[in-house]
Amino acid sequence: MSARLNRLLERQQRLIAKSAAQRATIAADMRVWQKPFAWVDRGLGVVQLIQNNRVLLYAAFALLASYKPAGARKLVVFAVSALKVAHHVRNLISPSKSSKPKL
């Protein structure tokens, strides 16, 4: 029993060391992605802020429209196009249960 216990303890130590090395490798690989993920997180925070405070969006657009009407027009065209693409991608990724497949 003692020999078996010793083997198990040795195996446990090897597995602990192996998992520590794997964690260090993963941490080193993820450092590269830390900054891009931070930007994505900030972007999602801005989107959440706009969704919760629609008045801010309307006020910003009214300011833009009053100072640069052509810029506002371009922004509207871009926003509508971006929303169409976003809805299309969202439906491709996770179609709603009530939607029928399009042939």
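Residues numbered from 1 in each chain as written. Predicted model: local features only at pLDDT ≥ 70, side-chain atom pairs only at ≥ 80, totals over all residues. Heavy atoms only, no water.

**Digging into the overall build of the protein**
Part 1: Counting its regular elements, the protein contains 3 helices and 0 strands.
Part 2: Scanning the protein from its N terminus toward the C terminus, one meets helices and strands in the order α-α-α.
Part 3: Taken over C-alpha atoms, the radius of gyration comes to 26 Å for the protein, far larger than the 13 Å a tight globule of 103 residues would show.
Part 4: Principal axes of the C-alpha set define a box for the protein whose edges measure 85 × 40 × 20 Å.
Part 5: Classification of the 103 residues of the protein by burial places 1% in the buried group.
Part 6: Entry remark: accessible area of the protein is about 9900 Å², with carbon and sulfur atoms responsible for 67%. (Helix = DSSP H or I, 4+ residues; strand = E, 2+ residues; numbered from the N terminus. Rg over C-alpha atoms; globule rule 2.2 N^0.38 Å. Buried < 20%, exposed > 50% of the residue type's maximum accessible area, 1.4 Å probe, protein only. Areas by Shrake-Rupley, 256 points an atom, 1.4 Å probe, with all protein chains shown as cover.)

**Let's talk about the packing of aromatic side chains**
Part 1: For the structure shown, the criterion picks out 1 aromatic pair.
Part 2: Taking NZ or CZ as reference, Arg42 lies 5.0 Å from the ring centre of Trp39, over its face. (Phe/Tyr/Trp six-rings, centres within 6.5 Å; stacked < 30°, edge-to-face > 60°. Lys NZ or Arg CZ within 6 Å of the ring centre and 35° of its normal.)

**Considerations on the packing of helix α2 (residues 54-67) against helix α3 (residues 69-93)**
Two quantities define a packed helix pair, namely the angle between the helix axes and the distance between the axes.
Part 1: At a minimum axis separation of 5 Å, α2 and α3 run at an interaxial angle of 135 degrees. In terms of orientation, α2 and α3 fall into the oblique class. Residues Phe61, Leu64, Ala65 and Tyr67 of α2 lie in contact with α3, whose contacting residues are Pro69, Gly71, Ala72, Leu75 and Val76.
Part 2: Looking at the contact of α2 with α3 residue by residue, the classes come out as 8 nonpolar, 1 polar and no charged. (Axes fitted to C-alpha atoms, helices over the stretch in contact; angles between N-to-C directions. Parallel < 35°, antiparallel > 145°, perpendicular 65-115°, else oblique. Contact = heavy atoms within 4.5 Å. Nonpolar A, V, L, I, M, F, W, Y, C, P; charged D, E, K, R; others polar.)

**As for the packing of helix α1 (residues 2-52) against α2**
Part 1: The N-to-C vectors of α1 and α2 enclose an angle of 95 degrees; their axes lie 4 Å apart at closest approach. When the axes of α1 and α2 are compared, the pair comes out roughly perpendicular. Touching Leu49, Ile50, Gln51 and Asn52 of α1 are Arg54, Leu56 and Leu57, all from α2.
Part 2: Taken together, the residues of the contact of α1 with α2 break down into 4 nonpolar, 2 polar and 1 charged.

**A closer look at the confidence of the model for the protein**
Part 1: When pLDDT is averaged across the protein, the result is 84; 90% of the residues are at 70 or more.
Part 2: α2 is the least confidently modelled element of the protein, averaging 81 in pLDDT, while α1 averages 91, the highest of any element. (pLDDT = per-residue confidence, 0-100.)

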